Amino acid sequence: MSELTMVQAVNDGLKAIMREDDSVLVLGEDVGPKGGVFLATEGLTSEFGEERCFDTPLSEDGIIGVGIGMAMNGLKPVCEIQFQDFIFPAFDQIVSEAAKMRYRSGGQYTVPMVIRTPYGGGIRGGLYHSQSGEAYFAHTAGLKVVIPSTPYDAKGLLISSILDPDPVIFMEPKALYRAFREEVPEGVYTVDLSKTREVTPGGDAVIFCYGAMVPVATEAARRVKESRNKDVRVVDLRTLMPLDEESVLQAARDCGRVVIVQEAPRFCGYGSEISALIAEHAVETLEAPIRRVAGFDTPFPNTLENYYLPDARRVTDAVEEVLDF
C-alpha cells in the first residue's frame, strides 16, 4: 500500500483500471500532457498515449456528447469537467441524453460513462469555481451521483463507477484533494456504490454528511464528546443516488436525533431529501426535530468563504440543539 492524497488516489485509480481495460479512456480540457488543473490525470498521456487520454476543445457539451457516443459504442469514457461550475453548458446532454438512453431505447443501449468534476469551496475560488450542484443530478432519474471523502474511497468508488453500466456523476471535493493522506491499496479494487460508511460510532445523535463536510462533522462529533460526553455517530453517505436508504433509516432510529450537513445552499438541497425520508419512515423514533446545517441561499461569495461554508462550530451548535430538545 501507498499513502496517497485524494487527488493522487484518483490518478492511481485511473491508471489501474486503464491498465486492465483497454476500453477505458479519458478526455477533457487540459487532461492530456498538462495532467489537468489539479494534476488528477498527470502521466496518463505519457503512459497510455493520446488515443486514450487527450485534450478537447473548450466545449463542455462537446465533451459530454462525444463521451455519450463513445459509451454507446463499446468504450468506457471518463469525461472530466474542469470545475463543476462549468458543467451547465453540458446539462442538456447529461439530463436529456445520457440519463435517458437506457429508458428511451428499452434497454438496448446503455451509457457506461463517468463524468468527473471537482466541486465545492475550500480553495477560495470565488463565485464561478466553488458551487455545489449535486442536487441537480440526484434529481435526474438515470444518473448515479457519487461523492468520496477519503483517498481510499476516491479510488475504489471511481473504479466502481467506471465499471458501472450507467452514467455516473463523480464529484470530487477539491477542498480534500490534498488535505490528508491515507493508505490506498495498489491495483484495482472497488467500493460498493449505494453503501454508507460509518465514520464514528455513537448512539446519542447522528450526523449525515458527504464530501468535504465529513471531516467537519467528525470534528463536531469530537467536540461534543469532549464537552458533553455524548457519542455522536457520523455517517458518510458516499453515494447520493442511489441512496442507501435502509442504512440512513437505521442510523436515525438508533440515535433518535439527526443533523444533516451539506455545503450547498439549504433550500431544496440534498439534505432535504434525507430529512423527508426520515420524516416519512422513522418519525416515530425521533427525539427532536431534524436540523440541517448548510451553505446560505446566496451565490457563493468571493471574499466570505469561511463564513459561508458550514464549519465545526455551526455543526456542533446544531448537535447541541437536538441533544437539548
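Conventions adopted
- All chains use their own residue numbering, which begins from 1 and follows the written sequence.
- Where local features are concerned, this predicted model is filtered to residues with pLDDT of at least 70; where side-chain atom pairs are given and counted, the filter is 80 or more; whole-chain, interface and lining totals use all residues.
- Values shown for side chains rest on all heavy atoms present in the structure; no hydrogens or waters enter the calculation.
- With a 1 Å grid laid over protein atoms only, a set of points is called a cavity when a 1.4 Å probe fits there but cannot get out and a pocket when it is open yet has protein on both sides within 12 Å along at least five of seven lines; lining residues have an atom within 4 Å of a point.
- Grid points are joined across faces, edges and corners, and a volume is the space filled by probe spheres set on the points.
- Numbering goes from the N terminus for both helices and strands, where a helix is a DSSP run of H or I of at least four residues and a strand is a run of E of at least two.
- Following the grouping adopted for this structure description, the nonpolar residues are Ala, Val, Leu, Ile, Met, Phe, Trp, Tyr, Cys and Pro, the charged ones are Asp, Glu, Lys and Arg, and the polar ones are all others, Gly among them.
- Aromatic pairing here means that ring centres of Phe, Tyr or Trp (its six-membered ring) are within 6.5 Å. Orientation follows from the plane angle: under 30 degrees is stacked, over 60 is edge-to-face, and everything else is tilted.
- Note on pairing: two strands pair once DSSP finds at least 2 bridges between them.
- Note on geometry: axes are lines fitted to C-alpha atoms, helical ones only across the stretch in contact, with angles between N-to-C directions running from 0 to 180 degrees.
- By definition here, a helix of n residues has an expected span of 1.5 Å times n minus one.
- Burial status follows relative accessibility: with a 1.4 Å probe on protein chains alone, a residue under 20% of its type maximum counts as buried, one over 50% as exposed, and anything between as partly exposed.
- Salt bridge, as used here: a side-chain nitrogen of Lys or Arg that lies within 4 Å of a carboxyl oxygen of Asp or Glu.
- Whenever a nitrogen or oxygen atom comes within 3.5 Å of another N or O atom, the pair is scored as a polar contact, on the condition that within protein one atom can donate a hydrogen and the other can accept it, and that pairs from neighbouring residues in sequence are kept only if both atoms are in side chains.
- It only takes one pair of heavy atoms within 4.5 Å for two residues to be counted as in contact.
- In plain words, nonpolar cores are sets of buried Ala, Val, Leu, Ile, Met, Phe, Trp, Tyr and Cys residues tied together by side-chain atoms within 4.5 Å.

Novice: Honestly, the layout of surface pockets in this entry has me stumped. Any pointers?
Specialist: Left-over empty space is what a probe sized like a water molecule reveals as it rolls over the atoms. When its volume is computed, the largest pocket comes out at roughly 370 Å³. Taken together, 22 residues form the lining of the largest pocket, with Ser132, Gly133, Tyr136, Ala264 and Pro265 sitting closest to its centre. When contributions to the lining of the largest pocket are tallied by element, the ones reaching two or more residues are helix 6 (134-138) and strand 13 (258-265). In terms of residue class, the lining of the largest pocket is built from 13 nonpolar, 7 polar and 2 charged. The calculated volume of the second largest pocket comes to roughly 290 Å³. Along the wall of the second largest pocket there are 14 residues; nearest its centre are Ala135, Ala138, His139, Tyr270 and Glu273. When residues of the lining of the second largest pocket are traced back to their parent elements, those giving at least two are helix 6, strand 12 (239-241) and helix 10 (270-281). Of the residues that constitute the lining of the second largest pocket, the class distribution is 9 nonpolar, 3 polar and 2 charged.

Novice: Is there a simple way to think about the packing of aromatic side chains in this case?
Specialist: The description of two aromatic rings rests on the distance between their centres and on the angle between their planes. Scanning all chains against the criterion turns up 12 aromatic pairs. Between phenylalanine 38 and phenylalanine 83 the ring centres are 5.5 Å apart and the planes differ by 65°, which places this aromatic pair in the edge-to-face class. Of this pair, phenylalanine 38 sits in the loop between strand 2 (24-28) and helix 2 (44-48) while phenylalanine 83 sits in the loop between strand 4 (76-80) and helix 4 (91-98), and the two are 45 residues apart along the sequence. Here the aromatic residues Phe38, Phe83, Phe86 and Tyr177 are joined through ring pairs into a cluster of three or more.

Novice: So what exactly am I meant to see when it comes to the sheet that holds strand 6 (residues 144-146) here?
Specialist: Either a parallel or an antiparallel arrangement is found when strands of a sheet pair, and the pairing is made through backbone hydrogen bonds. Spatially, 7 strands are ordered 3-2-4-5-7-6-12 in an open sheet, and the strand pairing comes out mixed. The open sheet has two free edges, formed respectively by strand 3 (53-55) and strand 12, since each of these has just one partner strand. Geometrically, the sheet is characterised by an average inter-axis angle of 20° between neighbouring strands, direction not taken into account. Of the pairings in the sheet, the one linking strand 6 to strand 7 (residues 168-173) comprises 3 bridges and is parallel in character. For lysine 144, the partnering residue across the bridge sits in strand 7 and is valine 168.

Novice: I keep staring at helix 1 (residues 6-20) and nothing clicks. Help me out?
Specialist: An α-helical segment advances 3.6 residues per turn. Residues three or four places apart therefore align on the same side. Spanning 15 residues, helix 1 covers 21 Å between terminal C-alpha atoms, matching the ideal 21 Å at 1.5 Å per step. Among the 15 residues that make up helix 1, 11 are buried, leaving the element largely enclosed by the rest of the structure. Of the residues making up helix 1, those classed as buried are Met6, Val7, Ala9, Val10, Asn11, Gly13, Leu14, Lys15, Ala16, Ile17 and Met18.

Novice: Got a minute to help me understand the pattern of salt bridges in this structure?
Specialist: Opposite charge on two side chains permits them to pair, given that their charged atoms come into close proximity. With the rule as written, the count across this model stands at 23 salt bridges. With its nearest N and O atoms 3.3 Å apart, the salt bridge here joins arginine 197 to aspartate 236. You can see arginine 197 sitting in strand 9 (residues 197-200) and its partner aspartate 236 sitting in strand 11 (residues 232-236), a full 39 residues away along the chain. The exposure class assigned to aspartate 236 is buried, which follows from its relative accessible area of 0%. With a shortest N-O distance of 2.8 Å, glutamate 321 and arginine 291 are connected by a salt bridge. Of this pair, glutamate 321 sits in helix 12 (residues 312-324) while arginine 291 sits in strand 14 (residues 291-295), and the two are 30 residues apart along the sequence.

Novice: How should the side chain of threonine 150 be read in this particular structure?
Specialist: Secondary-structure assignment places threonine 150 in the loop between strand 6 and helix 7 (151-163). A polar contact of 3.1 Å, which involves the side chain of threonine 150, links it to the backbone nitrogen of aspartate 153. Once residues lying within four places of it in the same chain are set aside, the contact partners of threonine 150 are Met6, Phe180, Glu182 and Arg197.

Novice: I'm lost on the nonpolar core in this one. Help?
Specialist: Formed by 55 residues in total, the largest nonpolar core has its most connected members in Ile207 and Val319. For isoleucine 207, the contacting residues outside a window of four places in its chain are Ala217, Val232, Arg233, Val234, Val235, Val259, Val261, Val315 and Val319. By size, the runner-up hydrophobic cluster in this structure holds 46 residues, among which are Ala71, Tyr119, Ala138 and Ala252.

Novice: Can you walk me through the sheet that holds strand 14 in this structure?
Specialist: Pairing in this open sheet of 5 strands is mixed, and the strands run 9-11-10-13-14 from one edge to the other. Edge positions in the sheet fall to strand 9 and strand 14, since each has one partner strand and no second. In this sheet, adjacent strand axes meet at a mean angle of 25° when their direction is disregarded. Relative to strand 14, strand 13 runs parallel, the two sharing 4 bridges. The partner of valine 259 across the bridge, within strand 14, is arginine 291. Against the sheet, helix 10 touches strand 10 (205-209), strand 13 and strand 14, its axis set at about 155° to strand 13. On top of the sheet, helix 12 reaches strand 10, strand 11, strand 13 and strand 14; it is set at about 165° to strand 14, its chief contact.

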